[in-house]
Structure formats: C-alpha cells, structure tokens
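Survey of secondary and tertiary structure
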There are 2 protein chains.
Amino acid sequence: MLVDFRTHPDRYRHWRLTIEGVVARLGMDVDEGGGLGPWKLKMNSYDLGVDIELYDATQRLRFEHPDVRVVVIESLKERIFCAGANIAMLGRSTHSEKVNFCKFTNETRNGIEDASRNSGHSYVAALSGNAAGGGYELALATDHIILVDDGTATVALPEVPLLGVLPGTGGLTRLVDKRFVRRDLADVFSTVEEGVKGQRALEWRLVDELVPTSRFQEVVDERLAEIAQASERPVGGPGIELTPLEREQSDTVITYPDLRVELDRSAGTAIIVVLGPTLAPPRDPSEAVRIGASFWPLAMTRALDDAILHLRTNEREIGTWLLKTEGDPDIATAHDAFLIEHADHWAISEIVHYLKRTLRRLDETSRSTFALVEPGSCFIGCLAEIAFAADRCYMLDGTFADSDLPSPRIRLTHMNLGPLTMDNHLTRLATRFWGRDDARATAETLIGRDLDAIEALDAELVTFAYDDIDWEDELRIALEERASFSPDALTGMEANLRFPGPETYETKIFGRLTAWQNWIFTRPNASGPEGALQRYGTGIRPDFSRKRT
Amino acid sequence: MLVDFRTHPDRYRHWRLTIEGVVARLGMDVDEGGGLGPWKLKMNSYDLGVDIELYDATQRLRFEHPDVRVVVIESLKERIFCAGANIAMLGRSTHSEKVNFCKFTNETRNGIEDASRNSGHSYVAALSGNAAGGGYELALATDHIILVDDGTATVALPEVPLLGVLPGTGGLTRLVDKRFVRRDLADVFSTVEEGVKGQRALEWRLVDELVPTSRFQEVVDERLAEIAQASERPVGGPGIELTPLEREQSDTVITYPDLRVELDRSAGTAIIVVLGPTLAPPRDPSEAVRIGASFWPLAMTRALDDAILHLRTNEREIGTWLLKTEGDPDIATAHDAFLIEHADHWAISEIVHYLKRTLRRLDETSRSTFALVEPGSCFIGCLAEIAFAADRCYMLDGTFADSDLPSPRIRLTHMNLGPLTMDNHLTRLATRFWGRDDARATAETLIGRDLDAIEALDAELVTFAYDDIDWEDELRIALEERASFSPDALTGMEANLRFPGPETYETKIFGRLTAWQNWIFTRPNASGPEGALQRYGTGIRPDFSRKRT
C-alpha cells in the first residue's frame, strides 16, 4: 500500500485542530475504523495514518498560525487520553514497517520539541484520562504535562510488561534524560503495567501538575494563558498557507516544482535532484510571506521532506540515493544571504528550522547517500548541506566531454556555519571535522569562495574528485559494490559513522533506544508466533525463552 | 560448555608475554587447534579463549609488573598481525554466544585504554602484516599504531563487505570518535574489503606511523623506548602476584573467600553476596603490596569480576541477580579511607581502577540487578556502589523478627564521590541524580553518616524501604514479576535507563554500536542459512534481501 504523507486539516480523520487566539487545541479523536490497515484504532490508539495528521498539524501551526503561542494536546474521548501505538497494527506489521513507523513518530515528537525550543510554541499535554505507552510518550515530548487527579487516571509505559518490547518512541530516553526521573524509579515505572497515578506520578517527576477533575479544564486553560503570555513568539501578521504540494508521479519519475526523483529499480538507486532557486530573493520578509509556499527555500524543503518520506516508506528496495542539485549558484547564494539577514523574522526562522529538520531526516534515513557534484550543479550553502549529509561526496574535476556546462564548484555560505545543525546539535561541518578544530577552522575560512574539485578535495569537503575519463567507471563500481552489501549491515554502519562527537537525547533516541528496539522487534519473544505481540489480546500468555542475551 | 575465565601465562596457548625491563611484549601466536570449539583459528584469528588470555595478560601487567611502562602487541606469525574474530566460530555460535563474546572483547579493549589513561601503561600496536577486522580493532584500542610499509600490509575492516555484520568491537566508533577519521573516509574504509595500506592509511589517520620493512623492528623499539621514557609510571618495588583465584563450585553454590553466589534455577535468580573485609587495613601501601592478592579490596574485586563473567557466560537463564553484602561497616569504612589516603600509590591506584572496571562490567551486564540492604549488610562506600549500580535497591526498615542483627545502614564515603566512575565518566551518584544537582549535592553531604532505611529513602539512595511484615511479599512479587517479562525487553530497557547523561565512546560502543550489531546478528542477511556468516568460505555468494529497514 502506497502511503501518502500529504494531508490537510479538512481531511483529518483523527484530530481536530482549532485555533482560539494564541491557543491552538489539538484534539485527538481517533476514528476506530480509519486505520491504514485492518485494525480497529480503539481508545485513541494510533497507526502511521494518525501520526501523519499530527505531523501535518504541527507543521501548519508553525507556518499558518504565527499568532499561536501555545498548543494543547488533549483527548476528545472520555476517560482516555491515548492508548499509544495500536497493538494489532504492530502485531500484523512486518519488521521494517514497525521500524519505519517508529522512526516517523520519533521525528514528529522531536519536531514538537523543536517548536518549543525554537518557535516560541510551547506544547501542553492535558491528560484527562489514561495516557499509556506511545500516548504517554507523546506527552513526554511536550513542555508541561497536566494529569487529572480522579483516582483512576494513570500514566504508563506498559510495553515491557505487556508487549515484550520497549517504549521506543523516546519514552525511556525522555524519562531519564529530559525529565530527570531517577533511573531506579524509571525502572519501576517502566515495568508497572497499570501505570502510576496521582501524587506518586508527581513525586516521580512523571507529570508536572495534578489537578482534580472539577478544576481540570479551568486549570488547563489558566496554564495555557500563562504560558502564552511568556512566549516570545511575535504577534500579528499573516501566516504562510501550506498549499497542496504539487507532485507528479510515474513508475520511475517523481516531479515536484523544485525537485525531481528518478528511480532505477534494477540498480536499486534513486537520483534525487534538488533544483536551486530561479528568481532573485524577495525584497524583504513580508514579501517572502506573500510569496508563501512557493518561496523557494520553503517549496524546496517541502518537496525534499515529502520525497524522503515517500522513498523511505514506499521504495524499500531502493538502497542508494544519489543526491544532486541543479541551478544558478549566484541566485542560491543570494537566497542564503536573505535567510541569514532576516533570520530573526518569524517566517524566515520557521523556514530555516524546517530545512534543518528535513536535513536531519536525511541524516536519520537508512539509505546510503552519495552526493554527486557535477557541471550545472548548485551545491551552495543550504544545498551544500545535502552533500555534507551524504555518506560520500563525488565531485567532477573538470567538465564532461559531451556537455557545454562549466566545471562544477562548491561554495560555502554562513548557512553552513550554524543554523542547520544535526541531531547531535553540531553543524555538519563540525561533525565532519570532529576532533580536528584546525581543519574545521581552515575550511570555514573558505566561505564565499568558489571551490573546484581539487580545491574542495584539499579542503576536505568532498570524498573523491575524478575527471571525465574516470567518473562513470568509478561511480558504476561504487554503486554496484554498495548494492552488493547487506542492507542491514549498511544501515548499522551508517547509523554509527554519521554521528561522531557528542550525543543529545535526539541521537540517543535514534542511535541507542531505536537500535535496541529494532533488535527486540526481531526476537521471537516479541514477534515470534508465541511472542508477546502476537499473543496480545488472545488471553494466552506469551511463551518466552528465558535466556538472557 | 563451561567457560572458565581463570588462566595464567604458563598455560597460555595463544599469547607469549615477555617482560624486557620497562617494555612488555604481548606476542600473538594463536594456536590453530586451540579454539574453544571445532574451528581452526587460522591466521591469528581469535575466539573467546584467545581473548580470555589477552584479558589475563593485561591484568597481570598492571599488577605483577609495576616497572612496565609500555606494552607492544605484535604478531609472532609471518605477514599477518591478526585476522580478527574467527568467522567459522561466529557462523557456528548462537546469537547470544556472539553477543557475549563481543561484550567481553569490548570490555578487554576498553581495559587496554584504561591502562593507557590511568596506569602510565601505553600500548603500541606493531602491525608487521595485515590487521583485519577485530585485528585492526585491537590496534585501534592502543595509543600508537605502526604499520609496516611493505607494499602489501593493510589495515581493514572487511565486516560489512565480507560478512554482512559490523566491525562491532569498537571499530566504527573508534574510527570517528577516537582517531577522528573523517566520516566519509570511514565509510569508504569500512566498505573496502581489501583494506588500505601505506601512505593512504596514514593520510586517512588509520595508523600513526608507516615504517619500511627493513627498519620496522628498529623503529618499533625506538618508539617503545621513547614512550617508556614519557610514562609517569613510578619505578621499582615488587608487584602483586595475581595468585590463582580460589573458587569452589557446586550446582547451586559458588564460593570464593570474599564472595558467595547462590543459584535458584527455578526462580531464575542468583544471590551474589559480597563479603566485607574482616581485618583492619594495612599500615601502609607497602604492606598492602605484601599482602598482595589477599588484600581485601583486590581479593573482593577479583571474585566479583570472576563471578560476573561466570554467571553471564555460563548461567544464561539466571535473569535476575540479587546483590547483597555482609560485613563490618567500620572495617569497610577504614578500608575506604585507606584507599583514598593512598590513592596516589601505584598499587592502590591499580586496585581502585580494577574495582571501577569491574563495577562497569556490572553496569553493562544484561541481567536485572536488585540490591537488597538487610541486617548484617555492609553497603559502605565501595560496596554501596554495588547498590547504586543496581536497577533497584530494596532496604529493610528495621529488623527481621527472627534475627538478632540490628537494622541495616547505608554509609557513603569519599569512594562514592569520584574514583569509581561509570562508562559515561560520571559517578553512580551523579548518574543517579542526573539533571538534579541540588539533590545530588544534598546526598553528598551525607558522607560518613549512618542512614537507616527511612533516611536513605529520603536521601533518594534506595528505591524502596519495607518493614519486616512486607519485605518478603514485596520482594517475592517483584521477582516473580521480573521473571515473567521478556528477557530481551528487559535487556533493552536496562541498557537505556542505566546511562542517562553524557555519552563517551565507551557508552557509544556498548549502547549504539553493540545494539546495532545485535540487531544485525539476528537478521537473515547475516545469520540465516543463506546469510553472509553461513556462506563465508563456501564460495557461494550470500543471498541478501535487498529491502532496507
């Protein structure tokens, strides 16, 4: 089944998004019959389709609603906030479907935290009933968790005791690394199937506030008003409507206005060509807002985001992505200068953070990525980040015999020095030169200069430079070789090499928690015919191998 | 097959340890027929048995040879340094055997780095021939890698291209996080089956020095002399002989002079009772050296180390370890004071670092650990670390009705505030109070005070305090519950909760690299009948699923 990540509030089946001045309400009301597969989404449990809407809502809030300062996630169902990921869905999903589902939900929750950190968009979780598993993990991604004190409502991570898997959507990591829950209490909490309620939940730092039923709505609203007042989100002015993303698709080509994908199924490769801007940047940020969704940096980012999600989810046998760019270097440089100059404007800031998140998605993608710097390319600043995100970068030294295009150049801009950090909170250049500050400083002095292949190689900005004579053969060999390796080994290798240096809880979630969860998902104790995911709901206890590994 | 981790240089089959003044030579000469299973250990490839000897040698060097300042790891075979982990062994091993083997080899390599960092014991890898896979990873754990420049000798990590698994003994992590190899070059290097030699190996930072064959031995010796001169290892005086570790064993009880293990196979639990010191500490460090291997902190640590390794490897269905202590609090406190007072003495320093490494082994063990603080216990300083290493700590509030022993106390000493750091380089108290500096500071003011259960609970040093009436029931329920959970889910949960806060390359190796490797080990592409590990050496190419996960 082809999953489409494009949606719109008018078409939501599971969420209700309402704006009340500075407050946005994200009401969860999952449609039981609206799952992507043959499972009932009971008790506000979710599958990928539910999360695609949540992602869409969090994006639209940032662009379409500049006035919003606080977002409350609440349940529109009685006595339940959210029961987490749907177990029947997990039981019926293939290993890679589970893994992909978790990755996307993790990215969405990291995005919520990014909004808090960078958009003056605080999130509040109003738990008017039980929040279990992924339901509580969603709350953990917010800034403030309010739990109703009605004698029954609990927060819970029942994955280990009930399902034989982990709370893998950041749960374990956020307990100890974000909320500073003591590790032994986290151990107890994560093994108590029925969860923790009331005063104990507060004492263990699992929630921030406990409110009796009678005052619940009132206190939530008070809190929203207070938080909104503290926000530094600037007021007023129109938003940017995220108009429907144009995409045309055949079996082998996907075309967006600012991006093109060419699939070669027999080789297992996709060529992703990001197109640079063709018009000069607008006069000022207000004009950029007027241009809206077709303002190049935003349009390009939306296309890249959608292409990554589409290829990841729907094109599993395409193991290597070839990243290319096309465009006018000077117009691209002018756009970078515009983004830097107006970095403080809310809309420009949102666009840059969105590009940052999208590039992070690329970093976290389990595909080999090779950047190809060829004549006609436009690896400038923002677009050069695509090359630095790649596992390798090949640059043509000179020109192609059969083309009039001049030899390619790479050009750094100030966009390479700060705004577009990775999940390790370092820039891609800092990551590239990790442990070698001198080499990094030298590379950074090259800002604004056009670097040909030999200069880029000297500056350590590309992996290989080949001339026209060797180019095709070297690439063919590299791609055939890559395609011959175990896709699993490549995934593990890339996940380890892409993130040298410090860790953050984002990298811990993707690198540590996710890796353990993936392992557990493959184990018979979870996914075998007698494992916990299969036995769930049958009334028969799972039959575990008792051996520790 | 029962694996015994106790050995002695006189019995080594695979290594030759020779001491030449300040230089120790660790010569690798693996006995092809000396494997732990029916595999030929060709070309200095290794299995767990080979690594047990390496571990023993690195330990003896620190204790028995105080004069040694530099250790060279070299091959006694022609044209090969080490071919890495034996593939036939990996192919025939169960999943958990592979995982356990990797964990132990990782601990040994981390121990080598610990010797460099803390014992003035630099390690040099003298690569007189090919170093592949685990062979090169062993070199990566040293301080200085010298490669012969003979036109053929390479360093290589051929796991991904050849075996469909990762260089999982720290290789990927040490490339980018220790040696600062650029991530794209690390990608290339880790996919080139034949490896990299000569100048390119040097340029890519894969080795530190390149020496022609004719001068190889001479330059190695020069380098050893230089490094020895720079060492701060104090000279002279006798070492401490690591005399044979006494252990008596029945089917359910293991007894060391300073530790006792009681197994309950039906419950899946082991009670590990660490015995406190019975004699006052020695007058001074020289007397401690004279007492040698029976000096309590050393004897206790050796027993704990051996018990952990034995239970981990040979008792796989014992999923929960109950950690207890017995002894005289004041004598234990006096020992802690002695260790602190003489921390600068080489032998005392070695003992403390050994205890540190052993407690780290406990942190990295995939078993649930509950500490039980009962009357007669001795959770003082060093021994209290065992409680802080545990997933949970239960403390009796008061006394047992059927016993004359007074109610238990916990007592912090300065040993809890610095020397015994975890792999994240934080103390266990700093980890426990991660993100909550005030709570940590408050706890640290309690040094030297006897804390009963209620006080310990208030200070957040224990998880639960129960009185005599509830004790047995609460524990029984907790243990039965723990035993009912999926062992895999518990392993993943514990690996995530035990290490809040910063990451180091040790934690990256155990948490990120190892978790991905474990996942890959379970995948058909590696371990299935048509996977790379099974097909290796048959001449038939593995048949990979091309799907990316």
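Residues numbered from 1 in each chain as written. Chains lettered and ligands numbered in written order. Predicted model: local features only at pLDDT ≥ 70, side-chain atom pairs only at ≥ 80, totals over all residues. Heavy atoms only, no water.

Quick notes on the overall build of chain A
Applicable threshold: The numbering of helices and of strands both runs from the N terminus, where a helix is a DSSP run of H or I of at least 4 residues and a strand a run of E of at least 2. Only C-alpha atoms enter the radius of gyration, while the globule expectation follows 2.2 Å times N to the 0.38, with N the number of residues. Pairs of residues are marked as contacts when any of their non-hydrogen atoms sit within 4.5 Å. Working convention for charge: Lys and Arg count positive, Asp and Glu count negative, and His plus the chain ends are omitted. Where a charge sits is defined by one atom per residue type, namely NZ (Lys), CZ (Arg), CG (Asp) or CD (Glu).
If you tally the helices and strands in chain A, you get 22 helices and 22 strands. Relative to its length of 549 residues, chain A is compact, with a C-alpha radius of gyration of 24 Å against a globular reference of 24 Å. Each principal axis of the C-alpha distribution contributes one length, and for chain A these read about 75 × 60 × 45 Å. For chain A, restricting intrachain contacts to residue pairs at least 6 apart in sequence, the fraction spanning at least 24 positions comes to 74%. Counting 61 positive and 87 negative side-chain charges, chain A places the averaged centre of each group 7 Å from the other.

A closer look at the interface of chain B and chain A
Accessible area lost on assembly of the parts is the figure often given for the size of an interface. Note the threshold: Summed over both partners, buried area is the accessible surface (1.4 Å probe) that two parts give up on being assembled. Any carboxyl oxygen of Asp or Glu that lies within 4 Å of a side-chain nitrogen of Lys or Arg is treated as forming a salt bridge with it. Here a polar contact is taken to be a pair of N or O atoms separated by no more than 3.5 Å, where protein atoms must pair a possible hydrogen donor with a possible acceptor and residues adjacent in sequence count only if both atoms sit in side chains. Charged means Asp, Glu, Lys or Arg here, nonpolar means Ala, Val, Leu, Ile, Met, Phe, Trp, Tyr, Cys or Pro, and polar covers whatever is left, Gly included.
Taken together, the contact pairs 88 residues of chain B with 88 residues of chain A. Across the chain B to chain A interface the summed buried area is about 8,600 Å²; carbon plus sulfur atoms make up 54%. Looking only at chain B, the three residues that lose the most surface to chain A are Arg183, Arg512 and Arg548 of chain B, adding up to 13% of its buried area. Across the contact surface, chain B and chain A share 18 salt bridges. Between lysine 508 of chain A and glutamate 503 of chain B there is a salt bridge, with its nearest N and O atoms 3.7 Å apart. The interface formed by chain B and chain A contains 59 residue pairs in polar contact (both at pLDDT 80 or more). Among the elements that line the side of chain B that touches chain A, the one with the most residues is helix H20 (residues 505-522) of chain B, at 12 residues. Residues of the side of chain B that touches chain A, tallied by class, amount to 35 nonpolar, 25 polar and 28 charged.

Brief notes about helix H3 (residues 95-118) of chain A
Residues and elements named next belong to chain A. Rules: Here a helix's expected span is defined as the number of its residues, less one, multiplied by 1.5 Å. Working definition: with a 1.4 Å probe on protein chains only, accessible area under 20% of the residue-type maximum means buried, over 50% means exposed, and in between means partly exposed.
Look at H3: 34 Å from first C-alpha to last across 24 residues, which is about the 34 Å you get at 1.5 Å a residue. Burial analysis of H3 places 21 of its 24 residues in the buried class, which makes it a mostly covered element. Just downstream of H3, glycine 120 is the residue with a positive phi angle, here 60°.

Notes on the relation of the copies chain B and chain A
Between the two copies of this chain, the relationship is a rotation about some axis together with a displacement along it. We count it as follows: When the copies are overlaid, the least-squares fit takes in C-alpha atoms only where the residue has pLDDT of at least 70 in both copies.
Relative to chain A, chain B is turned by 180° and slid 0.0 Å along the rotation axis, the superposed coordinates differing by an RMSD of 0.0 Å. Viewed as a symmetry operation, the transformation between the two copies matches a two-fold axis. Interface overlap between copies is the fraction of interface residues in one copy that are interface residues in the other; for chain B against chain A it reaches 100%, indicating a shared surface.

Concerning H20 of chain B
All names here are of chain B. Short version of the rule: Bend is the name given here to the angle between axes fitted to two runs of seven residues, the run ending at a residue and the run starting at it.
The end-to-end C-alpha distance of H20 is 24 Å, a good match for the 26 Å that 18 residues give at a rise of 1.5 Å each. At threonine 514, H20 shows its strongest bend, of approximately 35°. Of all 18 residues making up H20, 17 are buried, and the element is well covered by its neighbours.

Topic: the side chain of arginine 179 of chain B
Residues and elements named next belong to chain B. Mapped onto the elements, arginine 179 comes out in the loop between helix H6 (171-178) and helix H7 (183-189). There is a polar contact of 3.4 Å between the side chain of arginine 179 and the backbone oxygen of valine 207. Apart from the residues lying within four places of it in its own chain, the contact partners of arginine 179 are Tyr136, Leu140, Ile145, Arg174, Arg205, Leu206, Val207 and Asp208.

Focus: the pairing of strand E4 (residues 70-75) of chain A
All names here are of chain A. In plain terms, the rule: Strands pair, by our definition, only if DSSP identifies at least two bridges between them.
In terms of residue burial, E4 counts as a mostly covered element, since 6 of its 6 residues are buried. Alternating residues of E4 divide into Val70, Val72 and Glu74 and Val71, Ile73 and Ser75, and every residue in both groups is buried. Where strand E2 (residues 23-28) and E4 come together, 6 bridges link them in parallel fashion. In the strand pairing of E4, alanine 24 is matched with valine 71.

Examining the sheet that holds strand E5 (residues 80-82) of chain B
All names here are of chain B. The strand order across the open sheet formed by 4 strands is E5-E8-E10-E11, and the pairing between neighbours is mixed. In the strand order of this sheet, the two ends are held by E5 and strand E11 (196-197), each with one partner. Sheet topology places E5 next to strand E8 (residues 130-132); 2 bridges connect them, and they run parallel. Bridged to cysteine 82 within E8 is alanine 131.

Describing the sheet that holds strand E10 (residues 154-156) of chain A
All names here are of chain A. Spatial ordering of the open sheet is given by E5-E8-E10-E11, a layout of 4 strands whose pairing is mixed. Since the sheet does not close on itself, it has two edges, and those belong to strand E5 (80-82) and strand E11 (196-197), each with one partner. Where E10 and E11 come together, 2 bridges link them in antiparallel fashion. The residue bridging valine 155 from the neighbouring strand is valine 196, located in E11.

Remarks on the pattern of salt bridges
As enumerated under the stated definition, the model contains 118 salt bridges over all chains in all. A salt bridge links glutamate 460 of chain B to arginine 182 of chain A, with the shortest nitrogen-to-oxygen separation between them at 3.0 Å. Separated into two different chains, glutamate 460 of chain B in the loop between helix H17 (453-458) and strand E22 (464-467) and arginine 182 of chain A in the loop between helix H6 (171-178) and helix H7 (183-189) make up a pair that spans both. Of the two residues examined, glutamate 460 of chain B and arginine 182 of chain A, each falls in the buried class. The shortest N-O distance in the salt bridge between arginine 482 of chain B and aspartate 391 of chain B comes to 4.0 Å. Here arginine 482 of chain B, found in helix H18 (residues 468-484), pairs with aspartate 391 of chain B, found in the loop between helix H14 (382-389) and strand E20 (392-397); they are 91 residues apart in sequence, far enough to count as distant. Look at arginine 482 of chain B and you get buried, because its relative accessible area is 2%.

Observations concerning the domain arrangement of chain A
All names here are of chain A. Threshold: Domain limits in this description derive from either an automatic procedure or a database domain assignment.
Domain annotation of chain A identifies domain 1 (11-230) and domain 2 (248-490). If you average the C-alpha positions of domain 1 and of domain 2, the two centres end up 34 Å apart. Residue-level contacts link 16 residues of domain 1 with 19 residues of domain 2. Together domain 1 and domain 2 conceal approximately 1,500 Å² of surface at their shared face, both sides included; 45% is due to carbon and sulfur atoms. Counting across the interface, domain 1 meets domain 2 through 5 salt bridges. The salt bridge partner of glutamate 107 is arginine 361, with a shortest N-O separation of 2.6 Å. Taken together, the connections running from domain 1 to domain 2 amount to 11 residue pairs in polar contact (both at pLDDT 80 or more). Secondary structure elements with two or more residues in the side of domain 1 that touches domain 2: helix H1 (48-64) and H3. With 9 residues, H3 is the largest single contributor of residues to the side of domain 1 that touches domain 2. Its residues placed into classes, the side of domain 1 that touches domain 2 shows 5 nonpolar, 6 polar and 5 charged.

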